[in-house]
Amino acid sequence: DYIATTSTIGFGAGRLFGNWGSLEFGISAGSIDTEPVIGDLSVNKSDVNNGAWFVQFSYDQLDSLNFPKNGTLFNTSWRSDREWLGSDVEQDTLNVSLLRAATWGSNTWIAWTGLGGVVNSEIATQSGYAIGGFFSLSGFENFELVGRYAGVLRLIYFREIGGSQSALKIPFYIGGSVEAGNVWNDRNDIRFDSLLAAGSFLVAFDTPVGPLYLSKGIGQGGRSKTYLFLGRSFTFF
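In this text the structure is predicted, and so the values were computed from the model without any measurement.

Participant: Mind showing me how you'd approach the environment of Leu145 here?
Facilitator: Summarising the element assignment, Leu145 is placed in strand β8 (residues 145-147). Spatially, the C-alpha atom of Leu145 lies 37 Å from that of Gly105, the residues being 40 residues apart in sequence.

Listed below in structure tokens is the structure:
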């Protein structure tokens, strides 16, 4: 096991398009420092410096970021690490995320996918992607799976049980998810038959300080994990 410490500073500028989208350009620089804490402690510390320019486009027509019932959220970004910006390696990273929510009565279905890859460099694993955890292969440990490419597919269901007129005075939901995804270090290994399966059962509350989830996650291979999660869950990869 390692402790990884990440430090980043960035500057950006962009443009808003009405109430539906934004386009941003910027630069960032930082470092990732790793240190072994369990296992072979004789392994040296590792320091990775990065510096990049980036561009990001977002389209957002969700009616809520906490518990969306209708609308679409789309994000895509391109990051280009370059030595002249302080990076140890030169590489390009592409991320794409798409979410669609629809509601019938008290029942909401959310289809959500995230894809990403380091497209032109053989890199160390700490420069790639880490998935695992709530709605990101629930049942697996947080950030358990690491690779140069990553993809997660999700279908999430919510049913609203109560609202502001209920005994709890706040909206709450029951639901669950089915998920599939994996990470890969070689582009040729990316296949549907290599996807790992996971899912969850949950109770959620729309509290004044943000959405609160109590969830039981299950994953392929008999994995199981319980989550108490406070915060927005639809804003990450």
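Participant: Looking at this structure, how should I read a negative patch on the surface?
Facilitator: There is a patch of like negative charges on the surface, built from Asp47, Glu83, Asp88 and Glu90. Turning to its location among the elements, Glu90 is positioned in the loop between β4 (71-81) and β5 (91-104).

Participant: So what exactly am I meant to see when it comes to the nonpolar core here?
Facilitator: Side chains of nonpolar character tend, in soluble globular proteins, to be buried together. Within the largest apolar cluster, 17 residues are counted, with the highest numbers of intra-cluster contacts made by Leu99, Ile110, Phe135, Phe158, Tyr213 and Phe234. Where this core is concerned, the elements lending two or more residues are β5, β6 (107-118), β9 (149-162) and β11 (196-207). For Phe234, the contacting residues outside a window of four places in its chain are Leu65, Asn66, Pro68, Leu73, Leu99, Ile110, Trp112, Phe135, Ile156, Phe158 and Tyr213.

Participant: Help me out: how do you make sense of the environment of Ile131 in this one?
Facilitator: By secondary structure assignment, the location of Ile131 is in strand β7 (residues 129-131). Take Ile131: its relative accessible area is 1%, and that puts it in the buried class. When the C-alpha positions of Ile131 and Glu144 are compared, they lie 6.2 Å apart, and in sequence the two are 13 residues distant.

Participant: Help me out: how do you make sense of a nonpolar patch on the surface in this one?
Facilitator: On the surface, Ile9, Phe11, Ile27, Trp53 and Trp84 cluster together into a nonpolar patch covering about 610 Å² of accessible area. Here Trp84 is to be found in the loop between β4 and β5. Residue Trp84 is classed as exposed on the basis of its relative accessible area, which comes to 64%.

Participant: What's the story with the side chain of Glu179 in this structure? I'm lost.
Facilitator: With respect to the element layout, Glu179 can be found in strand β10 (residues 172-184). Despite its burial, Glu179 pairs with no opposite charge, the nearest such side chain being Arg154 at 5.9 Å. The contacts of Glu179, once residues within four sequence positions are left out, are Phe135, Ser136, Leu137, Ser138, Leu153, Arg154, Leu196, Ala197, Ala198, Gly199 and Ser200.

Participant: Can you walk me through the confidence of the model for the protein chain in this structure?
Facilitator: Do not read the fine detail of predicted coordinates wherever pLDDT is low. On average, residues of the protein chain score 89 in pLDDT, and 91% of them reach the 70 mark or higher. Taken element by element, the predicted model of the protein chain shows its lowest mean pLDDT in β7 (90) and its highest in β10 (96).

Participant: What's the story with the packing of aromatic side chains in this structure? I'm lost.
Facilitator: Any aromatic ring pair is given by two values, namely how distant the centres are and how the planes are angled relative to each other. Scanning the model with the defined rule gives 14 aromatic pairs in all. Aromatic side chains Trp109 and Tyr157 sit 4.8 Å apart centroid to centroid with 45° between the ring planes, which places their arrangement in the tilted category. Here the residue Trp109 occupies a position in strand β6, and Tyr157 occupies one in strand β9, the gap between them amounting to 48 residues. Taken together, a centroid distance of 6.0 Å and an interplanar angle of 70° make the contact between Phe158 and Tyr173 edge-to-face. Highlighted residues: Phe158 in strand β9 and Tyr173 in strand β10, separated in sequence by 15 residues. Neither residue differs from the other here; Phe158 and Tyr173 are each classed as buried.

About the criteria used
- Residues numbered from 1 in each chain as written.
- Predicted model: local features only at pLDDT ≥ 70, side-chain atom pairs only at ≥ 80, totals over all residues.
- Heavy atoms only, no water.
- Helix = DSSP H or I, 4+ residues; strand = E, 2+ residues; numbered from the N terminus.
- Patch = residues over 30% accessible without salt bridge, like charges linked within 9 Å, V, L, I, M, F, W, Y side chains within 5 Å.
- Areas by Shrake-Rupley, 256 points an atom, 1.4 Å probe, with all protein chains shown as cover.
- Salt bridge = Lys/Arg side-chain N within 4 Å of Asp/Glu carboxyl O.
- Lys, Arg positive; Asp, Glu negative; His and termini not counted.
- Charge placed at Lys NZ, Arg CZ, Asp CG, Glu CD.
- Core = buried A, V, L, I, M, F, W, Y, C linked by side-chain atoms within 4.5 Å.
- Buried < 20%, exposed > 50% of the residue type's maximum accessible area, 1.4 Å probe, protein only.
- Contact = heavy atoms within 4.5 Å.
- pLDDT = per-residue confidence, 0-100.
- Phe/Tyr/Trp six-rings, centres within 6.5 Å; stacked < 30°, edge-to-face > 60°.

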